[in-house]
Amino acid sequence: MERIERHAMFGGWQEVWQHNSSSLSSTVNVGVYLPPQAEEGKWPVLYWLSGLTCNEQNFITKANAQRYAAEHGVIIVAPDTSPRGDDVANDEAYDLGQGAGFYVNATQEPWAKHYRMYDYIVEELPALIETHFPANDVRSITGHSMGGHGALMIALRNPGRYRSVSAFSPIVAPSQVPWGHKAFGAYLGDDQTTWKAYDTVELVAQAEEKLELLVDQGTADNFLEEQLRTELLEEACQAANHPSNIRYQEGYDHSYYFIATFIEDHIKHHAEALK
């Protein structure tokens, strides 16, 4: 791994590292915040998954999460949202291709070679972090929008791997909304039964582990009614008796203004579980 950025922040270091990913067959950037406590010992990790059009920079420059990570002694790892490069398949639209990996393992061409974000987030990235940084194997996961979908879905699919999970404005039922239909159709093919493995609402019904799902959703989010469909997650959790704390925040939209407002709550939630 090669460090390409380093900035002092709240007594710790915000770094950006670059490495060659075997899962994605491409060069990948990943943001790593090391709190001041990381000077001694090994510390738990909170993985942040970003949304459509984002890369590793959006969260580390806009959310102000480092302040609270420093208070609680939590490493934050914020990877890119997809493979990138001249030889990586892409699409002109913002919601498919580079910047829109959807945290699945693609099975369809031309995407299958590079678009294996599920494997990257679940297996490859934690192995790298726990090898190269003062990190232990105690993990939590969170994210926004497409990344909120990724965080909830990955936690539900991997019981025992994460101590806690949360999301901002997640796409809770990609099998039922336009963003998901477009991405899953391209990456996974037309057989919609294969989509269920990456759909939070479907996974809640069969979850082996009952991690509480902490979700914040802004009421002024222009994607809420068509793309996010938070009420479907509420209904699924009620039907499965799955613990959830779904909070509608009056007047907040889909932006990082919203995330920055409530990120302290989320990091406290994770820090308590990571203890």
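See the structure above.
Residues numbered from 1 in each chain as written. Predicted model: local features only at pLDDT ≥ 70, side-chain atom pairs only at ≥ 80, totals over all residues. Heavy atoms only, no water.

Regarding the pattern of salt bridges
Any two side chains of opposite charge can pair, given that their charged atoms come close. Applying the stated rule across the entire model yields eleven salt bridges. Note that Arg84 is salt-bridged to Asp80, the shortest N-O span being 2.6 Å. With its nearest N and O atoms 3.5 Å apart, the salt bridge here joins Lys275 to Glu272. The pair formed by Lys275 and Glu272 is uniform in burial state, with each residue classed as exposed. (Salt bridge = Lys/Arg side-chain N within 4 Å of Asp/Glu carboxyl O. Buried < 20%, exposed > 50% of the residue type's maximum accessible area, 1.4 Å probe, protein only.)

Some words on empty space enclosed by the protein
In total, this model carries one cavity of 30 Å³ or more according to the counting rule given. Taken as a whole, the largest cavity holds about 30 Å³ of empty space. Taken together, Ala155, Leu156, Val165, Glu209, Leu211 and Leu213 make up the lining of the largest cavity. Residues belonging to the lining of the largest cavity are distributed by class as follows: five nonpolar, no polar and one charged. (1 Å grid on protein atoms, 1.4 Å probe; cavity = no way out; pocket = protein on both sides within 12 Å on 5 of 7 lines; lining within 4 Å. Points joined across faces, edges and corners; volume = space filled by probe spheres on them. Nonpolar A, V, L, I, M, F, W, Y, C, P; charged D, E, K, R; others polar.)

Considering the pairing of strand E2 (residues 12–21)
Taking burial as the measure, the ten residues of E2 include seven buried ones, the bulk of the element. The sheet contact formed by strand E1 (residues 2–9) and E2 spans seven bridges and is antiparallel. Along E2, the bridge assignment pairs Arg3 with Trp17. With antiparallel pairing between neighbouring strands as the criterion, E1 and E2 make up a hairpin whose turn holds two residues, including Phe10 at a positive phi of roughly 50°. Pairing of E2 with strand E3 (residues 26–34) involves nine bridges; the strand directions are antiparallel. When the sheet's bridge partners are listed, Trp13 is paired in E3 with Leu34. (Helix = DSSP H or I, 4+ residues; strand = E, 2+ residues; numbered from the N terminus. Pairing = 2+ DSSP bridges.)

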